[in-house]
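# Close look at the chain arrangement
Single-letter residue listing:
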Amino acid sequence: MPESFGTRLGRALAARGPVCAGIDPHAGLLEAWGLPVNVHGLSEFSKRSLDGLSEAAAIKPQAAFFERFGAAGVAVLEELLRSARERGVITILDVKRGDIGSTMAGYAAAYLPPGAPLEADAITVTPYMGPAAFDETAQLAAEHGKGLFALALTSNPQGATLQRSVGQGKTVASQVIEWTRAQNEKFDAGQKVGSFGVVIGATIADRAQVVGEALAGYTGPILMPGFGAQGGSINADDAGLNIVVSSSRAVLKAGPNPADLATALKTTNRKIMRALEGVS
């Protein structure tokens with residue numbers, strides 16, 4: 001079996017800090033960097049971002065901003081993922097796929113096996129067709145040393161209606177966490193960092209109250225978007241968890257110079273580490 005995603009991620013977090021650098025080449029950011037809003041600007045943005053952010057624990061490209069340029073944009077995403085892999089940078093591809101049966105198997109085959117067209121170290125999934133619909137995807141991920149991040153409590157206000165609803169005496173978010181816990185117990189038992197995690201927004205101020213009990217003893221990584229520009233916060237209560245703090249705009253606004261991106265990454269890492277230590 002290959003080395004697990006959780007083991008590799010844990011090593012990167014220990015060595016590089018908790019920041020996962022989002023790579024979100026939306027039109028406004030391309031323009032702010034003085035780049036054309038076309039596939040050539042997209043390619044240049046991707047190269048500079050990787051040059052500046054390769055010391056992050058992981059990078060998280062948002063697939064939508066590449067797919068909007070069609071096949072040429074997807075080719076840029078392929079190149080970004082390949083270049084990151086060659087540099088030893090962990091990639092979490094934000095695609096939020098969610099389906100069942102052969103359809104989900106097709107998505108999984110596109111991202112998880114070695115040599116796949118869009119091979120990434122982990123992908124985000126939307127588990128609202130029932131988390132168990134991803135059992136086979138989790139099996140495939142484990143076989144190849146890859147990981148999954150299932151949406152649990154997202155930062156958008158609209159998510160609360162579903163994610164906080166109660167069924168079988170538990171919130172939907174808690175049930176998603178329990179599914180990932182089961183996968184870690186099945187495939188990564190005894191490991192400090194599991195390969196199957198959840199997405200919980202840093203903007204969710206009452207997250208500890210909503211899912212705190214479900215996270216007791218939890219070894220899965222917790223991807224936390226929304227820190228920085230969206231007003232999300234991290235605190236000492238998060239210190240005992242395997243948090244991976246996604247920061248996009250707060251870091252990318254420092255571009256287009258890769259050296260300035262690297263400085264912004266270090267600054268964000270320091271801010272998060274101080275917050276985890278309870279230092280304002």
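Below, the structure is looked at part by part. Fair warning: this is a prediction, and the values are worked out from it, not measured in the lab. (Residues numbered from 1 in each chain as written. Predicted model: local features only at pLDDT ≥ 70, side-chain atom pairs only at ≥ 80, totals over all residues. Heavy atoms only, no water.)

### Focus on the sheet that holds strand 5 (residues 147-153)
Selection criterion: DSSP calls a pair of strands paired once it identifies at least 2 bridges connecting them. Secondary structure elements follow DSSP: runs of H or I of four or more residues count as helices, runs of E of two or more count as strands, with numbering from the N terminus. Here the axes come from fitting lines to C-alpha atoms, over the contacting stretch only for helices, and the angles between their N-to-C directions go from 0 to 180 degrees. Should any heavy atoms of two residues lie within 4.5 Å, those residues are counted as being in contact.
Read around the barrel, eight strands follow the order 1-2-3-4-5-8-9-10 and close on themselves; strand pairing throughout is parallel. Direction aside, neighbouring strands of the sheet carry axes that sit 30 degrees apart on average. Sheet topology note: the strand 4 (residues 122-125)/strand 5 ladder contains four bridges and is parallel. If you follow Ala-122 over to strand 5, its bridge partner there is Gly-147. Contacting strand 1 (19-23), strand 2 (58-61) and strand 3 (90-97), helix 5 (residues 70-87) crosses the sheet at an angle of about 175 degrees to strand 2. Its contacts with the sheet put helix 6 (residues 101-111) on strand 3 and strand 4, and the angle it makes with strand 3 is roughly 160 degrees.

### With respect to the pattern of salt bridges
Heads up, the condition is: A side-chain nitrogen of Lys or Arg and a carboxyl oxygen of Asp or Glu constitute a salt bridge if their distance falls within 4 Å. Remark: exposure states derive from per-residue accessible area (1.4 Å probe, protein chains only) relative to the maximum for the residue type, with buried under 20%, exposed over 50%, and partly exposed in between.
Throughout the structure, instances matching the rule amount to 10 salt bridges. In this structure, Arg-85 engages Glu-119 in a salt bridge whose closest nitrogen and oxygen atoms are separated by 3.7 Å. Taken together, the residues span a long stretch of sequence, with Arg-85 in helix 5 and Glu-119 in the loop between helix 6 and strand 4 at a distance of 34 residues. A salt bridge links Lys-146 to Glu-119, with the shortest nitrogen-to-oxygen separation between them at 3.0 Å. With Lys-146 in the loop between helix 7 (135-143) and strand 5 and Glu-119 in the loop between helix 6 and strand 4, this residue pair connects regions lying 27 residues apart in the sequence. A relative accessible area of 4% places Lys-146 in the buried class. Here the salt bridges do not stand alone but share partners, grouping Lys-60, Asp-94 and Lys-96 into one network.

### Concerning the packing of aromatic side chains
Defined as follows: Note on aromatic pairs: the rings of Phe, Tyr and Trp (six-membered ring only in Trp) are paired at centre separations within 6.5 Å, and the planes decide the class, stacked below 30 degrees, edge-to-face beyond 60, tilted for the rest.
Inspection of the entire model under this criterion finds four aromatic pairs. Taking 6.1 Å as the distance between ring centres and 90 degrees as the angle between the ring planes, the aromatic pair formed by Phe-5 and Phe-149 counts as edge-to-face. Of this pair, Phe-5 sits in helix 1 (residues 5-16) while Phe-149 sits in strand 5, and the two are 144 residues apart along the sequence. For the pair shown, Phe-5 and Phe-149 are each scored as buried.

### Some words on unusual backbone geometry
Looking along the chain, the bond that leaves Gly-255 and enters Pro-256 is cis, with omega of 15 degrees. Among the secondary structure elements, Pro-256 is positioned in the loop between helix 11 (249-252) and helix 12 (258-276). For Lys-96, which is not glycine, the phi dihedral falls at a positive 50 degrees. A residue is classified by how much of its surface remains accessible, and Lys-96, at 39% relative accessible area, is partly exposed.

### Let's talk about the side chain of Asn-242
Rules: The definition of a polar contact used here is a pair of N or O atoms within 3.5 Å, where within protein one atom must be able to donate a hydrogen and the other to accept one, and adjacent residues in sequence count solely through side-chain atom pairs.
Relative to the helices and strands, Asn-242 is located in strand 10 (residues 242-247). Look at Asn-242 and you get buried, because its relative accessible area is 15%. Within the local environment of Asn-242, its side chain forms a polar contact with the backbone oxygen of Thr-219, the two atoms lying 2.8 Å apart.

### Notes on the environment of Arg-68
With respect to the helices and strands, the residue Arg-68 is situated in the loop between helix 4 (64-67) and helix 5. In this structure the C-alpha to C-alpha distance between Arg-68 and Ala-259, which are 191 residues apart in sequence, comes to 28 Å. Residues contacting Arg-68, with those up to four places away along its chain left out, are Pro-25, His-26, Ala-27, Leu-30 and Val-37. Polar side-chain contacts of Arg-68 include one of 3.4 Å to the backbone oxygen of Phe-65.

### Quick word on the side chain of Glu-119
Accessibility expressed as a relative area gives 12% for Glu-119, which makes it buried. Aside from chain neighbours lying at most four places away, what touches Glu-119 is Leu-81, Arg-85, Ala-110, Tyr-111, Pro-113, Pro-114 and Lys-146.

### Comments concerning the packing of helix 3 (residues 39-53) against helix 12
For any two helices packed against each other, one specifies the crossing angle of their axes together with the interaxial distance. Put simply, the rule reads: Each angle receives one of four descriptions, namely roughly parallel if under 35 degrees, roughly antiparallel if over 145, roughly perpendicular if within 65 to 115, and oblique otherwise. Each crossing gets its hand from how the near helix is turned against the far one by less than a right angle, where anticlockwise is left-handed and clockwise is right-handed. Side-chain classes are defined by residue name, with Ala, Val, Leu, Ile, Met, Phe, Trp, Tyr, Cys and Pro counting as nonpolar, Asp, Glu, Lys and Arg as charged, and the others, Gly among them, as polar.
The geometry of helix 3 relative to helix 12 is characterised by a closest axis approach of 7 Å and an angle of 45 degrees between their N-to-C directions. Compared by their axis directions, helix 3 and helix 12 come out oblique. Two packed elements cross with a definite hand, and for helix 3 against helix 12 that hand is right-handed. Listed contacts from helix 12 to Arg-48, Ser-49, Asp-51, Gly-52 and Leu-53 of helix 3 are Pro-258, Leu-261, Ala-262 and Leu-265. For the contact of helix 3 with helix 12, the residue count by class is five nonpolar, two polar and two charged.

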